[in-house]
Amino acid sequence: MKSRYLKQELFIGKTGQKKIEESTIVVFGMGALGSAISEMLVRAGVGKLVIADRDYVEWSNLQRQQLYTEDDAKKKLPKAVAAKQRLQSINSQTIIKEHVMDIFFQNVEELAEGASILMDATDNFETRLVINDAAMKHNIPFVFGACVGSYGMTYPVLPGKGPCFHCLVDYIPSQNVTCDTEGVISPIVQWVASMQVAQAMQILSGEDVTPTLRSFDIWKMEHAEMNVEKLKNLDCPSCGIERLHPFLTMEKHTKADILCGRDAVHIRPPVPRTLDLKYLSKQWEQQTTNMLANAHLLSFQYEPYRVILFKDGRAIIHGTADITMAKNVYTRLTG
Amino acid sequence: MKIELNGKVHELPEHVKTTAQLLAFLELQNRIVIVEINQDIVLKDKYESHQLNTGDKVELIHFVGGG
Ligand SMILES: [Zn+2]
């Protein structure tokens with residue numbers, strides 16, 4: 001069994017391999033980057049992998065989200081659940097803990113606690129700032145990665161060394177700037193994920209990692225990199241002298257996000273609640289069509305919307321990018 | 001003027017003379033961007049005043065959100 005890491009150990013050494021096998025890594029988001037990162041980490045032999053994602057598998061994911069199959073899309077399995085199945089079949093020795101949840105201030109620290117490294121595979125700035133605050137508070141390295149089109153970028157946030165993610169991105173860009181409607185090709189996903197995993201392995205095995213921001217356009221074959229040490233902000237509320245960790249504080253309202261390029265809205269109630277999916281499926285049987293249920297969610301057509309209700313009280317309303325409309329539908333359906 | 005942008009030579013039009021004008025020319029003025037000119041990062045409040053020169057080696061990374 002040990003010989004499965006032979007090639008890697010020859011490269012990274014016995015100590016490095018041991019460090020990898022003793023590590024706990026959290027992957028936030030299990031879309032394209034999360035799939036690629038997790039598969040590499042599990043094959044590399046990380047001891048424990050924690051994965052978290054709020055979404056379920058759709059057909060449009062299969063082009064680049066390498067862990068998922070047509071069967072997962074047909075069953076509308078939550079990504080975290082489908083990913084765990086696949087990852088566990090790749091390496092039965094890795095302890096894998098999956099969470100079907102939206103990552104936010106209330107659960108991020110619990111997820112991060114005790115982790116060796118946090119891997120960014122989210123699709124928005126706000127969640128990244130939340131994870132960055134948890135990383136800074138608990139002194140855990142956080143490896144940022146993002147991509148759109150044929151362009152990707154990475155940056156290792158190293159506690160106590162160089163700027164944090166908040167230093168670099170000092171405000172949350174408006175949705176129309178970050179809403180990536182131009183699509184993405186899988187080669188750049190693989191580049192970003194590879195860079196992130198390589199940096200994670202370097203951090204684990206004790207290599208010297210510098211605060212270097214890197215980008216690559218895999219279509220134009222254009223690369224840029226720069227050491228951003230200079231951008232460390234001593235007044236940064238996340239990593240500076242006075243740390244307030246602003247993204248770990250309470251919000252009181254129902255949270256609704258437009259899901260970029262998908263004509264859909266994600267809804268999270270202000271306090272966690274449990275939806276009785278069986279009861280709801282009976283209650284709405286007459287007014288809806290195409291009802292599908294699995295252990296994690298309920299999916300149905302509620303004209304003109306396609307609605308996904310998750311057990312933990314969240315919902316995805318397809319067929320609108322109007323937050324108020326989506327919230328109304330949610331309230332009508334769940335009371 | 002000719003500058004080197006992310007490793008490739010670019011001919012800039014006449015009116016592009018400052019870092020801010022370069023970002024506008026590249027349609028990156030509303031993005032989160034980090035600009036390095038000749039190995040030195042240009043801070044945001046210097047974009048208007050920092051003049052470009054022929055032969056400058058410019059590295060430019062803009063942030064995206066997808067993943
Ligand atoms: Zn900071």
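The shown structure was predicted, so the numbers you read here are calculated from the model rather than taken from an experiment.

**Notes on the sheet that holds strand β1 (residues 2-5) of chain B**
Residues and elements named next belong to chain B.
Move 1: Spatial strand order, β2-β1-β5-β3-β4: 5 strands in an open sheet with mixed pairing. Two strands bound the open sheet, and with one partner strand each, they are β2 (8-11) and β4 (40-42). Neighbour-to-neighbour, the strand axes of this sheet turn through a mean angle of 35°, independent of strand direction.
Move 2: Bridge count between β1 and β2: 4 bridges; the pairing is antiparallel. From the neighbouring strand, Leu 5 faces β2, where its bridge partner is Lys 8.

**Considering the coordination of the zinc ion**
Residues and elements named next belong to chain A.
Move 1: Around the zinc ion, the protein supplies Cys 164 (SG), Cys 167 (SG), Cys 236 (SG) and Cys 239 (SG) as donor atoms, at distances of 2.2 to 2.3 Å.
Move 2: One can describe the donor arrangement at the zinc ion as tetrahedral, given that its 4 donor atoms subtend angles of 96 to 121° at the metal.
Move 3: Between consecutive donor residues of the zinc ion, the sequence gaps follow C-x2-C-x68-C-x2-C. On the criterion of sequence distance, the pair formed by Cys 164 in the loop between β6 (151-157) and α7 (165-168) and Cys 236 in the loop between β8 (222-227) and β9 (255-259) is long-range, its members being 72 residues apart.

**Here's the deal with the domain arrangement of chain A**
Residues and elements named next belong to chain A.
Move 1: For chain A, the domain assignment lists domain 1 (2-248) and domain 2 (255-334).
Move 2: The partner domain 2 presents 22 residues to the 21 residues of domain 1 that form the contact.
Move 3: Surface buried jointly by domain 1 and domain 2 totals about 1700 Å² across both partners, of which 52% is contributed by carbon and sulfur atoms.
Move 4: Contact with domain 2 buries surface across domain 1, with Arg 54, Tyr 56 and Lys 76 losing the most and accounting together for 32% of the total.

**Some words on the interface of chain A and chain B**
One frequent convention defines the size of an interface as the accessible area lost when the parts assemble.
Move 1: Contacts between the two partners involve 38 residues from chain A, matched on the other side by 20 residues from chain B.
Move 2: Counting the surface lost from both chain A and chain B, the interface buries some 2400 Å², and carbon and sulfur atoms represent 62% of this.
Move 3: By the criterion of area lost to chain B, the three top residues of chain A are Glu 222, Met 226 and Lys 230 of chain A, representing 24% of everything that side buries.
Move 4: Put simply, Lys 230 of chain A and Asp 40 of chain B hold a salt bridge, and the shortest N to O gap is 3.2 Å.
Move 5: For the interface between chain A and chain B, the tally reads 10 residue pairs in polar contact (both at pLDDT 80 or more).
Move 6: Where the side of chain A that touches chain B is concerned, the elements lending two or more residues are α2 (32-44), α6 (125-138), β5 (142-148), β6, α7, β7 (212-217) and β8 of chain A.
Move 7: Looking at the side of chain A that touches chain B, the element that brings in the most residues is β8 of chain A, giving 6 residues.

**Thoughts on the pairing of β9 of chain A**
Residue and element names in this part refer to chain A.
Move 1: Of all 5 residues that make up β9, 4 are buried, and the element is covered over most of its length.
Move 2: Two elements, β9 and strand β10 (residues 264-268), share 5 bridges in a ladder whose sense is antiparallel. Bridging across to β10, Ala 256 finds its partner in Ile 267.
Move 3: Counting the residues between successive antiparallel strands, the hairpin from β9 to β10 contains 4 residues, one of them, Gly 261, with a positive phi of roughly 65°.

**Here we look at the nonpolar core**
Move 1: Core analysis: the largest hydrophobic core is formed by 46 residues, its most contacted members being Leu 118, Met 153, Phe 165, Leu 213 and Val 228 of chain A together with Ile 34 and Phe 63 of chain B.
Move 2: If you list the elements that add at least two residues to this core, you get β1 (24-28), β2 (48-53), α5 (105-112), α6, β5, β6, α7 and β8 of chain A.
Move 3: In terms of residues, this core owes the most to one element, α6 of chain A, which gives 7 residues.
Move 4: Residue contacts for Val 228 of chain A: discarding those within four places in its chain leaves Tyr 155, Pro 163, Leu 168, Pro 211 and Leu 213 of chain A together with Ile 34 and Ile 41 of chain B.
Move 5: Val 27, Ala 36, Ile 51 and Ile 117 of chain A belong to the second largest nonpolar core, which has 44 residues in total.

**Thoughts on unusual backbone geometry**
Move 1: Going from Glu 303 of chain A to Pro 304 of chain A, the amide bond is cis rather than trans, its omega being 0°.
Move 2: One can find Pro 304 of chain A in the loop between β12 (297-302) and β13 (305-310).
Move 3: Backbone geometry places Met 221 of chain A, a non-glycine residue, at a positive phi of 55°.
Move 4: Along the polypeptide, Met 221 of chain A turns up in the loop between β7 and β8.
Move 5: At Gln 39 of chain B, a residue that is not glycine, the phi angle is positive and equals roughly 70°.

**Some points on the sheet that holds β12 of chain A**
All names here are of chain A.
Move 1: With antiparallel pairing, 6 strands are arranged side by side in an open sheet as β9-β10-β14-β13-β12-β11. For this open sheet the edge positions go to β9 and β11 (289-293), each flanked by a neighbour on one side alone. Taking each pair of neighbouring strands and ignoring which way they run, the sheet shows an average axis angle of 15°.
Move 2: Pairing analysis gives 4 bridges linking β13 to strand β14 (residues 315-318), with the strands arranged antiparallel. Across the sheet, the residue bridging to Leu 309 is Ala 315, located in β14.

**Focus on the pairing of β12 of chain A**
All names here are of chain A.
Move 1: In terms of burial, β12 is a largely internal element, 6 of the 6 residues being buried.
Move 2: Taking every second residue as pointing to the same face, both faces of β12 are buried, with Leu 297, Ser 299 and Gln 301 on one and Leu 298, Phe 300 and Tyr 302 on the other.
Move 3: In terms of strand pairing, β11 meets β12 through 3 bridges, oriented antiparallel. Note on β12: the bridge partner recorded for Ala 293 is Leu 298.
Move 4: Connecting β11 to the next strand, β12, in antiparallel fashion are 3 residues.
Move 5: Strand direction decides the pairing type here: β12 and β13, joined by 6 bridges, are antiparallel. By the bridge assignment for β13, Tyr 302 is matched with Tyr 305.

Conventions adopted
- In this convention, every chain numbers its residues from 1, walking through the sequence in written order.
- Chain letters and ligand numbers both follow the written order, the letters beginning at A and the numbers at 1.
- Local features in this predicted model are restricted to residues whose pLDDT is 70 or higher, and side-chain atom pairs enter the listing and the counts only when it is 80 or higher, whereas totals over whole chains, interfaces and linings include all residues.
- Note that the side-chain values use all heavy atoms of the structure and ignore hydrogens as well as water.
- Strand pairing is defined by DSSP finding a minimum of two bridges between the two strands.
- Helical segments are the DSSP runs of H or I of at least four residues, strand segments are the runs of E of at least two, and each set is numbered from the N terminus.
- Axis definition: a line fitted to C-alpha atoms, over the contacting stretch in the case of helices. Angles run 0 to 180 degrees between N-to-C directions.
- Shown as donors are all N, O and S atoms within 2.8 Å of a metal ion, widened to 3.2 Å for Na, K and Ca; because water is not in the atom set, sites may appear incomplete.
- Geometry is assigned from donor-metal-donor angles: four donors are tetrahedral when every angle falls between 85 and 135 degrees, four are square planar and six octahedral when opposite donors sit over 155 degrees apart with all other angles between 65 and 115, and any other arrangement is irregular.
- Each domain span listed reflects an automatic or database assignment of domains.
- We call two residues in contact when some of their heavy atoms are within 4.5 Å.
- Two parts placed together each lose some accessible area under a 1.4 Å probe, and adding up what both lose gives the buried area.
- Salt-bridge detection follows one rule: a side-chain nitrogen of Lys or Arg within 4 Å of a carboxyl oxygen of Asp or Glu.
- Whenever two N or O atoms come within 3.5 Å, that pair is a polar contact, provided that in protein one can donate a hydrogen and the other can accept it, and provided that, for residues adjacent in sequence, both atoms are side-chain atoms.
- Buried residues are those whose accessible area, probed at 1.4 Å on protein chains only, stays under 20% of the maximum for their type, while exposed residues exceed 50% and partly exposed ones sit between those limits.
- Buried Ala, Val, Leu, Ile, Met, Phe, Trp, Tyr and Cys residues that are joined via side-chain atoms within 4.5 Å together make up what is termed a nonpolar core.

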